[in-house]
Amino acid sequence: MVNDSITLAILNGKSAGNEDLRQAIATLRKEGYRLEVRVTWEHGDGERYVREAVDLNATTVIAAGGDGTINEIATALAGLPPERRPVLGIVPLGTANDFATSAGIPLEMENALRLAIIGKATAIDLARVNGDRYFINMATGGFGTRITTETPEKLKSALGGVSYFIHGLMRMDTLKADSCHLRGPDFDWQGDALVIGIGNGRQAGGGQRLCPQALINDGKLELTIATSQELLPTLLHTLTSDGENPNLITASLPWLTIDAPNEMTFNLDGEPLTGTKFRIEVMPDALECRLPPSCELLA
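Keep in mind that what you see is a predicted model, and the values were worked out from it rather than measured.

Re the overall build of the protein chain
For the protein chain, the count of helices and strands is nine helices and 13 strands. A burial count over the protein chain gives 53% of its 299 residues as buried. Once local pairs closer than 6 in sequence are excluded, the contacts in the protein chain between residues at least 24 apart make up 73%. With the model as given, the accessible surface of the protein chain reaches about 13500 Å², and the carbon-plus-sulfur share is 49%.

Below, the structure is given as C-alpha cells:
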C-alpha cells in the first residue's frame, strides 16, 4: 500500500463520463492510493460530500470540475474547523478552468489527479462577500458578468473559454455601465464602471487576465476597474499584452466595500450575487491546497 490516507474526489455530474479521468483513477488505485469518488447531481451535493469526507477522515478532498465546482467545495471546506479540514485538490474539468490555469495545474487528467493527491499542501486565501458567500478565484461585475452569465452552453461546449470573448463582441451593443462607489484602505473611487475584477486569482471569463498581479497567499485582493470610456481598448490590450494598461484603475486591498444606487450583479467564480451593497474581504490562510511547485499565484 502506497498510502493509507483516504482521498475523496467530488466530480461534477456534467463530467461524470470523462474517460481520461476514469482511467487516471484506475491507475492510481492500482498504485495503492485509497480514492473514493462521489458525483454531484443537484445543489448542495458538494457540501454534503465534504461532510462525508470528514466522517471518512479523508486527508484530501478533490474538486473535479470547473471554477463553480471548485468554489462550492472550497466554500464547504472553509466552514469546517481547521483541525478537521481536509486539503483541497483540483482536477480541471470545466469550460474555462480559469483558476486551475492561473495556478498551473495540469490539464492532463493523470498528472492533475496525482498532484491533487500527493502534491505539497500550501495555505491559500479565500475571499468572503457579505459575510456568507465566498470566491477562491475572482469576483467580476458589470458587462463581463453579464457575458459569462449569458453565453450559451452550446457555444461554451464548442469553443471553450474563448466563447466568452466571442459572445462579448457579439453583445457590444448592450454595453451599460454600473454607477458605483468603491472604498478600501487608502482607496476611494466613484464613477461608472463597465467591468470590475476583484481577484484572488488572475483570470476569469475564459482567460481574460483581469488581475494579472494577483497572488493567493498574500492577504490581499487585486482590484481592476475598466471605465465606460475605455472598454474596447482595454479588452484588446488584455488579450494581447500582460503589460500595465494605463486605461485601468487598479489597487491591492485586504478589503473593500461597493455601494451602488441600482442593483449590480457580481459573478463569484460563476455564482451570481445581486445587490446594492457589498463588502469583500480576504480570509488569509483559509484553506490548504495542493499546487504545483512552480505555481505563479504564490508569493
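Okay, back to it.
Here we look at the confidence of the model for the protein chain
Overall, the prediction assigns the protein chain a mean pLDDT of 86, with 81% of residues at 70 or greater. Confidence drops under a pLDDT of 50 for residues 151–172, and excluding neighbours within four residues, the segment shows 37 contacts in the predicted structure.

Remarks on the pattern of salt bridges
Tallied over the full model, the rule gives 11 salt bridges. Of the charged contacts, one joins Arg-128 and Glu-281 as a salt bridge, the two residues approaching to 3.3 Å between their closest N and O atoms. Note that Arg-128 is positioned in strand β5 (residues 121–129) and Glu-281 in strand β13 (residues 271–290), a separation of 153 residues in sequence. With relative accessibility at 18%, the residue Glu-281 sits in the buried group. Connected through salt bridges with shared partners, the residues Glu-31, Glu-110 and Arg-114 form a single ionic network.

Observations regarding the state of the cysteines
Following the criterion strictly, the structure yields zero disulfides and no others. The closest cysteine sulfur to the non-disulfide-bonded Cys-289 is located on Cys-295, 8.2 Å from its own sulfur.

The rules behind each value
Residues numbered from 1 in each chain as written. Predicted model: local features only at pLDDT ≥ 70, side-chain atom pairs only at ≥ 80, totals over all residues. Heavy atoms only, no water. Helix = DSSP H or I, 4+ residues; strand = E, 2+ residues; numbered from the N terminus. Buried < 20%, exposed > 50% of the residue type's maximum accessible area, 1.4 Å probe, protein only. Contact = heavy atoms within 4.5 Å. Areas by Shrake-Rupley, 256 points an atom, 1.4 Å probe, with all protein chains shown as cover. pLDDT = per-residue confidence, 0-100. Salt bridge = Lys/Arg side-chain N within 4 Å of Asp/Glu carboxyl O. Disulfide = S-S within 2.5 Å.

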